[in-house]
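# Notes for the structure review
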Amino acid sequence: MGRSRRTLPEELLLLALDPATGTTAQPQSLDLGLAGAQLVELALAGRIAPDGDRIAVVMPRPTGDPTLDSALELLRRRGSPVRAVHWIGGPRLGLRQTYLSHLERCGMVHAVEGQMCGVLPTTRYQATDTAISREIRARLDSAIRTGVPPDPRTAALAALAHAVGLGKHLYPGNEGRSSRSRLRDLIRHDPMGGLVAHAVMDVQNGVGAQPRRNAAAGGVPSQPRRGTMARAAM
């Protein structure tokens, strides 16, 4: 897997970065989304495949991306297909920071050190090449505006953006309502993205004891319920 193409976790994180504040929108659900984005990227690379509501390793050969390969090895060690909701809901300590640091090394963001209340150290991240973020956003906008079925990568990105609650960040206010609805509807165009989006929202809603019917079919998920957000470690 070459590095000429940005991975879905990287694109999701760039979408979530607020250019005004240097912080990420929906940080808790974003952690879950990054774990889900790894699954979709591994599926696009032919390393894993959906098996009902579970994830099965079909090719354990490394991709060449250290972070993805770490996830692939963990899946391989399970020895049998794992439910997507259990994988995404597992501990992902530092995953968001891992990707932020990676984007910084690649020159796509730069860290801005500061202080909160003049005492606590803080780090914010600003995009160094806004053209990259604009290109990612343009793919979503085009799929929403034209209604043409998007490619699997864009469809999965839309599914993940909806699942972690980025709709109101990307398309705010009443004027963005129809765009948010279309963003949600794009989920149906990628079975793996639909499966992962359902799993991300199930974790947020505290669901996971029972398999979701037709999750791999890419059906349109409901919005997360308030007050049941799963807390993911930074």
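Our subject is the structure that appears above.
In short, a report on the structure. Fair warning: this is a prediction, and the values are worked out from it, not measured in the lab.

What follows covers the overall build of the protein chain. Counting secondary structure elements, the protein chain contains 10 helices and five strands. Put simply, the protein chain has 234 residues, and 46% of those count as buried. Excluding contacts between residues fewer than 6 apart, the proportion of contacts in the protein chain whose partners are at least 24 apart in sequence is 66%. Just so you have it, the protein chain exposes about 11,300 Å², and 52% of that area is on carbon and sulfur atoms.

On to the environment of Ile 136. With respect to the helices and strands, Ile 136 occurs in helix α6 (residues 130–146). Remark: the alpha-carbon pair of Ile 136 and Leu 12, spanning 124 residues in sequence, is separated by 8.9 Å. When residues no more than four places from it in sequence are discounted, the contact partners of Ile 136 are Arg 6, Glu 11, Leu 14, Leu 15 and Leu 157.

Closest axis-to-axis distance for the helix α2 (residues 27–44)/helix α3 (residues 66–78) pair is 10 Å, and the angle between their directions is 90°. It follows that α2 is roughly perpendicular to α3 by the angle criterion. For the pair formed by α2 and α3, the contact residues are Gln 38, Leu 39, Glu 41 and Leu 42 on the first element and Thr 67, Leu 68, Ala 71, Leu 72 and Leu 75 on the second. Split into classes, the residues belonging to the contact of α2 with α3 amount to six nonpolar, two polar and one charged.

Below, the discussion takes up helix α9 (residues 177–185). Taken together, the buried positions of α9 are occupied by Ser 179, Arg 180 and Leu 183. Viewed along the axis of α9, the buried residues span an arc of 100°, placing them on a single side of the element. In this structure, the buried side of α9 is in contact with α6, α7 (152–163) and α8 (167–170).

Right, let's talk about the nonpolar core for a bit. Core analysis: the biggest nonpolar cluster contains 61 residues, and Leu 39, Ile 88 and Leu 166 have the highest contact counts within it. Where this core is concerned, the elements lending two or more residues are α1 (8–16), α2, α3, α4 (84–88), α5 (95–105), α6, α7 and α10 (191–204). Setting aside anything within four residues of it in sequence, one finds Leu 166 in contact with Leu 12, Leu 15, Ala 16, Ala 25, Gln 26 and Ala 161.

This brings us to the sheet that holds strand β2 (residues 54–57). If you trace the three strands from one edge of the open sheet to the other, you get β1-β2-β3, paired in antiparallel fashion. Looking at strand neighbours, the two that pair on one side only are β1 (48–51) and β3 (82–83), the edges of this open sheet.

Here we take up the environment of Leu 72. Position of Leu 72 relative to the elements: it lies in helix α3. Each C-alpha atom, one on Leu 72 and one on Arg 61, is 8.8 Å from the other, the two residues being 11 residues apart in sequence. Apart from residues no more than four positions distant in its own chain, Leu 72 is found in contact with Leu 42, Arg 47, Ile 48, Val 57, Met 59, Pro 60, Arg 61 and Pro 62.

Now for the packing of aromatic side chains. Overall, the coordinates contain zero aromatic pairs when judged by the stated rule. Over the ring of Tyr 171 we find Arg 137, and its NZ or CZ is 4.7 Å from the ring centre.

Relative to the assigned elements, Ser 179 resides in helix α9. Its relative accessible area of 15% is what places Ser 179 among the buried residues. If we skip the residues at most four places from it in the chain, Ser 179 touches Ile 144 and Tyr 171.

Reading the values: rules and limits
- Residues numbered from 1 in each chain as written.
- Predicted model: local features only at pLDDT ≥ 70, side-chain atom pairs only at ≥ 80, totals over all residues.
- Heavy atoms only, no water.
- Helix = DSSP H or I, 4+ residues; strand = E, 2+ residues; numbered from the N terminus.
- Buried < 20%, exposed > 50% of the residue type's maximum accessible area, 1.4 Å probe, protein only.
- Contact = heavy atoms within 4.5 Å.
- Areas by Shrake-Rupley, 256 points an atom, 1.4 Å probe, with all protein chains shown as cover.
- Axes fitted to C-alpha atoms, helices over the stretch in contact; angles between N-to-C directions.
- Parallel < 35°, antiparallel > 145°, perpendicular 65-115°, else oblique.
- Nonpolar A, V, L, I, M, F, W, Y, C, P; charged D, E, K, R; others polar.
- Arc of directions from axis to C-beta.
- Core = buried A, V, L, I, M, F, W, Y, C linked by side-chain atoms within 4.5 Å.
- Pairing = 2+ DSSP bridges.
- Phe/Tyr/Trp six-rings, centres within 6.5 Å; stacked < 30°, edge-to-face > 60°.
- Lys NZ or Arg CZ within 6 Å of the ring centre and 35° of its normal.

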